[in-house]
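Summary of structural features
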Amino acid sequence: CAAVPLRLRGNGMEYTQLGESGLKVSRVCLGCLGFGKPTARHPWALGEEESERILSRAAELGVNFFDTAMSYAEGASESFLGKALKKLTRREETVIATKFSPRSEQEIAEGIGGRAHVLNCLEGSLKRLDTDYVDLYILHMWDYRTPVEELMEGLAEAVRQGKARAVGVSNCYAWQLM
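**Observations concerning the overall build of the chain**
Along the chain, the regular secondary structure elements total six helices and eight strands. Helices (α) and strands (β) of the chain occur, in sequence order from the N terminus, as β-β-β-β-α-β-α-β-α-α-β-α-β-α. In terms of overall dimensions, the chain is globule-like: its C-alpha atoms have a radius of gyration of 16 Å, near the 16 Å expected for 178 residues. Along the longest, intermediate and shortest principal axes, the C-alpha atoms of the chain span 50 × 40 × 30 Å. Of the contacts formed within the chain by residues at least 6 apart in sequence, a portion of 69% connects residues at least 24 apart. In the chain, the 22 positive side-chain charges and the 24 negative ones have mean positions that sit 4 Å from each other.

As structure tokens, this is what we get:
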């Protein structure tokens, strides 16, 4: 997508439209993978207070675009982000992107289809983020065990319900998008 500068705030942050989505985002997006409770797998993760300090500084510098995922620190990243943004800014001034993971073995065994999976994951993310909608909802990585049509049905329903403004996919090959 072509990045077209839209405006500058007094702090010098540049903003652009994200593709044809209508979302106006800061040219800098703050990734929140490092926010969560430190674990053996991610000992470098930052706790809630440290995460809030970073988010506060980013907002102060004009960053309005934040990226997280349900899998980051088992959802703690989404929770930390949601709590901090409620304190720091107005929801309509922020752009929140979050990602959902492919269906689990348990979901497949229980017969939970792709559409239901997308909507169930979104409800969990909305609860952790403490918001009614996300601006960008992304399939985190290609789901080889779920028909793409089922996932697209779920994403389309999320948009129809007003719970996601735009949708996307990451970590896949170009031929998969075709």
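**Considering the side chain of H140**
Mapped onto the fold, H140 is located in the loop between β7 (134-139) and α5 (148-160). When neighbours within four sequence positions are excluded, H140 is seen to be in contact with A69, S71, Y72, K99, F100, S170 and N171.

**Considering the sheet that holds strand β5 (residues 65-67)**
Read across the sheet, five strands follow the order β4-β5-β6-β7-β8 without closing on themselves; strand pairing throughout is parallel. Only two strands of the sheet have a single partner each, and these edge strands are β4 (29-31) and β8 (164-169). Across the sheet, the mean angle separating the axes of adjacent strands is 20 degrees when strand polarity is ignored. As paired strands, β7 and β8 are joined by five bridges and run parallel to one another. Directly across from V134, in β8, lies its bridge partner A164.

**Brief notes about the confidence of the model for the chain**
Per-residue pLDDT for the chain averages 92, and the proportion of residues at 70 or more is 94%. Contacts from residues 1-8, a stretch scored under 50 in pLDDT, to residues over four places away or in other chains number 20 contacts.

**A look at the pattern of salt bridges**
Two side chains with opposite charge may pair up if their charged atoms get near one another. Under the defined criterion, the tally for this structure stands at 16 salt bridges. Between E92 and R90 there is a salt bridge whose closest N-O contact spans 3.2 Å.

**Re the packing of helix α1 (residues 48-60) against helix α2 (residues 76-88)**
Across the interface, α1 lies against α2 with an axial gap of 10 Å and an inter-helix angle of 50 degrees. The angle between α1 and α2 places the two elements in the oblique class. As for the relative orientation of α1 and α2, their crossing is right-handed in sense. Counting all contacts with α1, which are made through E48, S51, E52, L55 and S56, the residues of α2 involved are F80, L81, K83, A84, K87 and L88. The residue inventory of the contact of α1 with α2, partitioned by class, reads five nonpolar, two polar and four charged.

**Side note on the packing of α2 against helix α4 (residues 114-129)**
Remark: α2 packs on α4, axes separated minimally by 7 Å, with the N-to-C direction vectors making an angle of 45 degrees. Put simply, α2 runs oblique to α4. Between α2 and α4, the residues in contact are E78, S79, L81 and G82 and S125, R128 and L129, respectively. Of the residues in the contact of α2 with α4, the class split is two nonpolar, three polar and two charged.

**Notes on the side chain of E107**
Checked against the element boundaries, E107 lands in helix α3 (residues 105-109). No salt bridge is formed by the buried E107; its nearest oppositely charged neighbour, R103, is found at 6.1 Å. Separated by 2.8 Å, the side chain of E107 and the backbone nitrogen of S104 make a polar contact. Leaving out residues up to four positions away in the same chain, E107 has contacts with P102, I112 and H117.

Conventions adopted
Residues numbered from 1 in each chain as written. Predicted model: local features only at pLDDT ≥ 70, side-chain atom pairs only at ≥ 80, totals over all residues. Heavy atoms only, no water. Helix = DSSP H or I, 4+ residues; strand = E, 2+ residues; numbered from the N terminus. Rg over C-alpha atoms; globule rule 2.2 N^0.38 Å. Contact = heavy atoms within 4.5 Å. Lys, Arg positive; Asp, Glu negative; His and termini not counted. Charge placed at Lys NZ, Arg CZ, Asp CG, Glu CD. Pairing = 2+ DSSP bridges. Axes fitted to C-alpha atoms, helices over the stretch in contact; angles between N-to-C directions. pLDDT = per-residue confidence, 0-100. Salt bridge = Lys/Arg side-chain N within 4 Å of Asp/Glu carboxyl O. Parallel < 35°, antiparallel > 145°, perpendicular 65-115°, else oblique. Left-handed = near helix turned anticlockwise from the far one by under 90°. Nonpolar A, V, L, I, M, F, W, Y, C, P; charged D, E, K, R; others polar. Buried < 20%, exposed > 50% of the residue type's maximum accessible area, 1.4 Å probe, protein only. Polar contact = N/O pair within 3.5 Å; in protein donor to acceptor, adjacent residues only side chain to side chain.

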